[in-house]
Amino acid sequence: GAGVSQTPSNKVTEKGKYVELRCDPISGHTALYWYRQSLGQGPEFLIYFQGTGAADDSGLPNDRFFAVRPEGSVSTLKIQRTERGDSAVYLCASSPTSGVQETQYFGPGTRLLVL
Amino acid sequence: QKEVEQNSGPLSVPEGAIASLNCTYSDRGSQSFFWYRQYSGKSPELIMFIYSNGDKEDGRFTAQLNKASQYVSLLIRDSQPSDSATYLCAASGNTPLVFGKGTRLSVIA
């Protein structure tokens, strides 16, 4: 079946602009996760959804970052007033549920470059 | 601060040898441990997971967990050049997955 998909694959924007990154999880997966990965680092947790609600948003770095999942499927990560330090690969993952033993399946990522 | 530590490498092994990748974690509440492989420019893909102390084998891969020592390892037998990648260790418990920085493995033909 289809895996996790993310769009766009690449996004170049200017400092101060607003961006939206989209994630389409594996069909039937109720848990959806957003991570950010900088060069030479492991993925860093941002937020996860169980269904439509954000179950844990403790990884969001500040209030410029926001994510939604209105219908419990597709999710959008929104970044306001982008800064050069936001440049990274944004990874989305999904799992059947949010249990601690569930495997997370990653999408291809969106590479964000803020000039 | 919950942390997962890995040696960044690079770890170089000759083709056919055993590659040993190690990981330690700080949160004693961690219950599940995952090894992901990440090729350059690609997203992480799951290699193995382990929940119980001891060894777990899957083909050429063996994961080892020692909760008392807070230590996880991944052994790759008969290493192939196609195994060259970054290997990420991740721990999960009462918090979402925490990843290490990854160990870069290079298998020399």
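Refer to the structure above for everything that follows.
Attention here is on the structure that accompanies the text. Fair warning: this is a prediction, and the values are worked out from it, not measured in the lab.

## Quick notes on the nonpolar core
Turning to step 1, where the next piece is worked out: Counting 23 residues, the largest nonpolar core has Phe33, Trp35, Val72, Leu74, Ile76, Tyr87 and Leu105 of chain B as its most contacted members.
Turning to step 2, where the next piece is worked out: Elements supplying a minimum of two residues to this core: strand 3 (19-25), strand 4 (32-38), strand 5 (45-50), strand 7 (61-66), strand 8 (71-76), strand 9 (85-92) and strand 11 (103-108) of chain B.
Turning to step 3, where the next piece is worked out: The next biggest cluster of nonpolar side chains, apart from the first, holds 20 residues, and it includes Ala67, Ile79, Ala88 and Cys92 of chain A.

## Focus on the pattern of salt bridges
Turning to step 1, where the next piece is worked out: For the structure shown, the criterion picks out 8 salt bridges over all chains.
Turning to step 2, where the next piece is worked out: Across the pair Glu83 of chain A and Arg64 of chain A runs a salt bridge whose closest N-O atoms are separated by 3.5 Å. With a gap of 19 residues between them, Glu83 of chain A in the loop between strand 8 (75-79) and strand 9 (88-95) and Arg64 of chain A in the loop between strand 6 (53-56) and strand 7 (65-68) connect regions that are remote in the sequence.
Turning to step 3, where the next piece is worked out: Here Arg37 of chain B makes a salt bridge to Glu45 of chain B, at a shortest N to O gap of 3.3 Å.
Turning to step 4, where the next piece is worked out: Residue Arg37 of chain B is classed as buried on the basis of its relative accessible area, which comes to 14%.
Turning to step 5, where the next piece is worked out: Overall, Glu45 of chain B belongs to the partly exposed group, its relative accessible area being 33%.
Turning to step 6, where the next piece is worked out: Connected through salt bridges with shared partners, the residues Arg64, Glu83 and Asp86 of chain A form a single ionic network.

## Describing the pairing of strand 6 (residues 54-58) of chain B
All names here are of chain B.
Turning to step 1, where the next piece is worked out: Direction of pairing for strand 6 relative to strand 7: antiparallel, over a ladder of 5 bridges. By the bridge assignment for strand 7, Glu57 is matched with Thr62.
Turning to step 2, where the next piece is worked out: The turn linking strand 6 back onto strand 7 is made up of 2 residues, and Gly59 within it adopts a positive phi angle of 65 degrees.

## Quick look at the sheet that holds strand 8 of chain A
Residue and element names in this part refer to chain A.
Turning to step 1, where the next piece is worked out: Spatial strand order, 1-3-8-7: 4 strands in an open sheet with antiparallel pairing. The open sheet has two edge strands, strand 1 (5-7) and strand 7, and neither has a second partner. Pairwise comparison of adjacent strand axes, ignoring direction, gives a mean angle of 15 degrees for this sheet.
Turning to step 2, where the next piece is worked out: Alignment of strand 1 against strand 3 (residues 19-24), held across 3 bridges, turns out to be antiparallel. Considered in strand 3, the bridge of Gln6 is made with Cys23.

## Let's talk about the interface of chain A and chain B
Turning to step 1, where the next piece is worked out: The interface of chain A with chain B comprises 19 residues on the first partner and 19 residues on the second.
Turning to step 2, where the next piece is worked out: Between chain A and chain B, the buried area comes to about 1500 Å², and carbon and sulfur atoms account for 55% of it.
Turning to step 3, where the next piece is worked out: For chain A, the biggest contributors to the area lost against chain B are Val100, Gln101 and Phe106 of chain A; these three give 34% of the whole.
Turning to step 4, where the next piece is worked out: At the junction of chain A and chain B, the tally comes to 4 residue pairs in polar contact (both at pLDDT 80 or more).
Turning to step 5, where the next piece is worked out: At the level of secondary structure, the elements contributing two or more residues to the side of chain A that touches chain B comprise strand 4 (31-37) and strand 5 (44-50) of chain A.
Turning to step 6, where the next piece is worked out: The residue makeup of the side of chain A that touches chain B, split by class, is 8 nonpolar, 8 polar and 3 charged.

## Some points on the packing of aromatic side chains
Within a pair of aromatic rings, the relevant descriptors are the distance that separates the centres and the angle that separates the planes.
Turning to step 1, where the next piece is worked out: Per the stated rule, a full pass over the model turns up 13 aromatic pairs over all chains.
Turning to step 2, where the next piece is worked out: Between Tyr35 of chain A and Phe99 of chain B, the aromatic rings sit 5.7 Å apart at their centres with planes inclined by 90 degrees, giving edge-to-face as the arrangement. Of the two residues, Tyr35 of chain A sits in strand 4 while Phe99 of chain B sits in strand 10 (residues 98-99), which places them in two different chains. One exposure class covers both Tyr35 of chain A and Phe99 of chain B, and it is buried.
Turning to step 3, where the next piece is worked out: Centre to centre, the rings of Phe49 of chain B and Tyr51 of chain B are 5.0 Å apart; their planes meet at 20 degrees, and the pair counts as stacked.
Turning to step 4, where the next piece is worked out: Among the residues examined, Phe49 of chain B registers a relative accessible area of 27% and is labelled partly exposed.

Cut-offs and rules
- Residues numbered from 1 in each chain as written.
- Chains lettered and ligands numbered in written order.
- Predicted model: local features only at pLDDT ≥ 70, side-chain atom pairs only at ≥ 80, totals over all residues.
- Heavy atoms only, no water.
- Core = buried A, V, L, I, M, F, W, Y, C linked by side-chain atoms within 4.5 Å.
- Buried < 20%, exposed > 50% of the residue type's maximum accessible area, 1.4 Å probe, protein only.
- Helix = DSSP H or I, 4+ residues; strand = E, 2+ residues; numbered from the N terminus.
- Salt bridge = Lys/Arg side-chain N within 4 Å of Asp/Glu carboxyl O.
- Pairing = 2+ DSSP bridges.
- Axes fitted to C-alpha atoms, helices over the stretch in contact; angles between N-to-C directions.
- Contact = heavy atoms within 4.5 Å.
- Buried area = accessible area lost by both parts, 1.4 Å probe.
- Polar contact = N/O pair within 3.5 Å; in protein donor to acceptor, adjacent residues only side chain to side chain.
- Nonpolar A, V, L, I, M, F, W, Y, C, P; charged D, E, K, R; others polar.
- Phe/Tyr/Trp six-rings, centres within 6.5 Å; stacked < 30°, edge-to-face > 60°.

All quantities given are derived from atomic positions and should not be read as evidence of function.
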